[in-house]
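# Descriptive analysis of the structure
The lines below spell out each chain.
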Amino acid sequence: MKKVLTLLICCIACTAFAQTPEKSANKGYQFTDQIVIPSTDVKNQNRSGTCWCYSTTTMLESEILKAGGPKVRLSEMWVVRLSYMEKAEKYIRLHGHLNFGAGGAAHDVTEIIKRYGIVPQEAYPGLNYGTDLPEFRELFPALKSYLNSIIQTARRAKLTPVWKKGFNALLDTYFGPLPETFEYNGKTYTPKEFAASLPINMDDYASFTSFTHHPFYKPFILEIPDNWMWETAWNLPLNEMTAIVDNALNNGYTVAWGTDVSEKGFSRSKAIGVIPETKLENLSGTEAERWGKLTEKEIADARYKFEQPGAERKITQEIRQTAFDNYETQDDHGMVIVGTAVDQIGNRYFKVQNSWGTASPYKGFWYFSRPFFEYKTTTIMVNRKAVPKEIAKKLGWK
């Protein structure tokens, strides 16, 4: 009985905490968290361009917690290093006609773990170049220059069988050699054995998107530069892609989120992302009156000062498709959706864990409005169990 009472008190305390408005330097927006799913610590990708890996490993770490496993930090650089070798092989095979950059996608992480296993951060920090945080400004030009020289030489002569050894030597220099075995919590593992010891299965994860240039309810290869692996995502109507996120969060699953943060409505200093309404006729009476007194320039300037929440644009399937087709929506960042919130006037948001460290108003967490999500999402990855049954049926899943 005493244990039950203690648990009840803890639950009440956690619920009260989740309902407390966030306090920050951003006095214009006051958020009240509604759902907050447990996640591991906020990380800092620094100057590495590997948000795709940090976000997806963080999502998987939350999955481990949800499955009753221990709190563990998976090695991001293990995945990054192995993916760069695979990317290099395809780059050479295509004579350099492939995007060879630091970026990637959520499925890179699950595929690499399937093929090679995974290790904890302690076993492979991957920081062999003298910094405390990832720093790729020297690394990537060196890697790409090496590959380009191999391609140029191969056009005049036969491709040598040792180019991979040279590339791996570069990777070893910057990341450190990959361990064949390692010690963790008093046990010896291979990377595949450690992956098998975790209470998650990489086959349980699927990616989704929402665009009209391919049929709905079918998978397709999303045409974005960072999809070098050419993996597919299931295509859904916008409302159903959003419904998956809602269902996931309502059932304790986090979501790996690929998006575009080049929008004016994204503020680093305020740690928010919004899509303000741009037409006066779509605003409520009081808002329209306030905005109607300003010039067009004043309206444009005021919209993105983030002084207070207001009406946001209604996003349709056509609007997001046009933005994608016009290069206005690109695949430039990955984060983890860990919950929901509302602002002081009732606008709804997703609470998101970023990988830019904790030097932000909400200590590494951000708030993105639902219109921002609907407008700027490229892909999401989530546990298949989080997909509503009626949507899974339309996909032909059993």
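## A look at the pattern of salt bridges
What the rule picks out here adds up to 16 salt bridges. Across the salt bridge formed by Arg73 and Glu76, the nearest N and O atoms sit 3.0 Å from each other. In this structure, Arg137 engages Glu135 in a salt bridge whose closest nitrogen and oxygen atoms are separated by 3.1 Å. Note on Glu135: relative accessible area 16%, which makes it buried. Among the charged side chains, a network of salt bridges with common partners joins Glu86, Glu111, Lys114, Arg115 and Asp203.

## Description of the packing of aromatic side chains
One pass over the full model with this rule turns up 34 aromatic pairs. On the basis of an interplanar angle of 25° and a centroid distance of 5.9 Å, the ring pair of Phe182 and Tyr189 is categorised as stacked. With respect to class, Phe182 is no different from Tyr189; both count as buried. Between Phe208 and Trp397, the ring centres sit 6.0 Å apart and the planes meet at 50°, which makes this aromatic pair tilted. Placement of the pair is Phe208 in strand 4 (residues 205-209) and Trp397 in the segment after helix 13 (389-394), with a sequence separation of 189 residues. Over the face of the ring belonging to Tyr375 we find Arg313, whose NZ or CZ atom lies 5.7 Å from the ring centre. A cation over an aromatic ring shows up here: Arg384 above the ring of Trp397, its NZ or CZ 4.3 Å from the ring centre.

## A word on helix 5 (residues 139-156)
Compared with the 26 Å implied by 1.5 Å per residue over 18 residues, the 27 Å span of helix 5 between its first and last C-alpha is a close match. Turning to helix 5, its buried residues number three or more, namely Leu139, Phe140, Leu143, Leu147, Ile150 and Ile151. The buried side chains of helix 5 occupy one side of the element, clustering within an arc of 100° when seen end-on. On the buried face of helix 5, the contacting elements are helix 3 (76-93) and helix 6 (163-175).

## Quick look at the nonpolar core
Of all hydrophobic cores here, the largest spans 103 residues; its most connected members are Phe175 and Phe208. Among the elements that make up this core, the one with the highest residue count is helix 3 (ten residues). Ignoring any residue separated from it by four or fewer positions in sequence, one finds Phe175 in contact with Met77, Val80, Arg81, Tyr84, Tyr124, Gly126, Leu127, Asn128, Phe136 and Leu139. Counting five residues, the second-largest nonpolar core is a separate cluster that includes Phe220, Leu222, Ile224 and Phe324.

## Looking at helix 11 (residues 317-325)
Those residues of helix 11 lying buried are Gln317, Arg320, Gln321, Ala323 and Phe324. Along the axis of helix 11, the buried positions cluster into a sector of 160°, meaning they face one direction only. On the buried face of helix 11, the contacting elements are strand 4, helix 8 (238-250), helix 12 (370-376) and strand 13 (377-383). Directly beyond the C-terminal end of helix 11, a positive phi value near 70° is found at Tyr327.

## Side note on the environment of Tyr205
Structurally, Tyr205 can be placed in strand 4. Taking C-alpha positions, Tyr205 is 8.6 Å from His107, a pair spaced 98 residues apart along the chain. Sequence-distant contacts of Tyr205, that is, excluding residues within four places in its chain, are made with Met59, Leu60, Glu63, Thr110, Ile200, Met381, Val382, Asn383 and Arg384. A polar contact is formed between the side chain of Tyr205 and the side chain of Glu63, at a distance of 2.7 Å.

## Side note on the pairing of strand 7 (residues 255-259)
A large share of strand 7 lies buried, amounting to five of its five residues. Alignment of strand 7 against strand 13, held across four bridges, turns out to be antiparallel. Opposite Trp257, over in strand 13, you have Ile380 as the bridge partner.

## A short note on the environment of Gln353
Relative to the helices and strands, Gln353 is located in strand 11 (residues 348-353). Note on Gln353: relative accessible area 2%, which makes it buried. A sequence separation of 19 residues divides Gln353 from Gly334, and the C-alpha atoms of the two residues are 9.7 Å apart. With sequence-adjacent residues up to four places away left out, Gln353 is seen in contact with Ser39, Thr40, Asp41, Val42, Thr58, Met335, Val336, Val338, Gly364 and Phe365. For Gln353, the side chain forms a polar contact with the main-chain oxygen of Thr40, separated by 3.1 Å.

The rules behind the values
- Residues numbered from 1 in each chain as written.
- Predicted model: local features only at pLDDT ≥ 70, side-chain atom pairs only at ≥ 80, totals over all residues.
- Heavy atoms only, no water.
- Salt bridge = Lys/Arg side-chain N within 4 Å of Asp/Glu carboxyl O.
- Buried < 20%, exposed > 50% of the residue type's maximum accessible area, 1.4 Å probe, protein only.
- Phe/Tyr/Trp six-rings, centres within 6.5 Å; stacked < 30°, edge-to-face > 60°.
- Helix = DSSP H or I, 4+ residues; strand = E, 2+ residues; numbered from the N terminus.
- Lys NZ or Arg CZ within 6 Å of the ring centre and 35° of its normal.
- Expected span 1.5 Å × (residues − 1).
- Arc of directions from axis to C-beta.
- Contact = heavy atoms within 4.5 Å.
- Core = buried A, V, L, I, M, F, W, Y, C linked by side-chain atoms within 4.5 Å.
- Polar contact = N/O pair within 3.5 Å; in protein donor to acceptor, adjacent residues only side chain to side chain.
- Pairing = 2+ DSSP bridges.

Any functional reading would require information that these geometric values do not contain.
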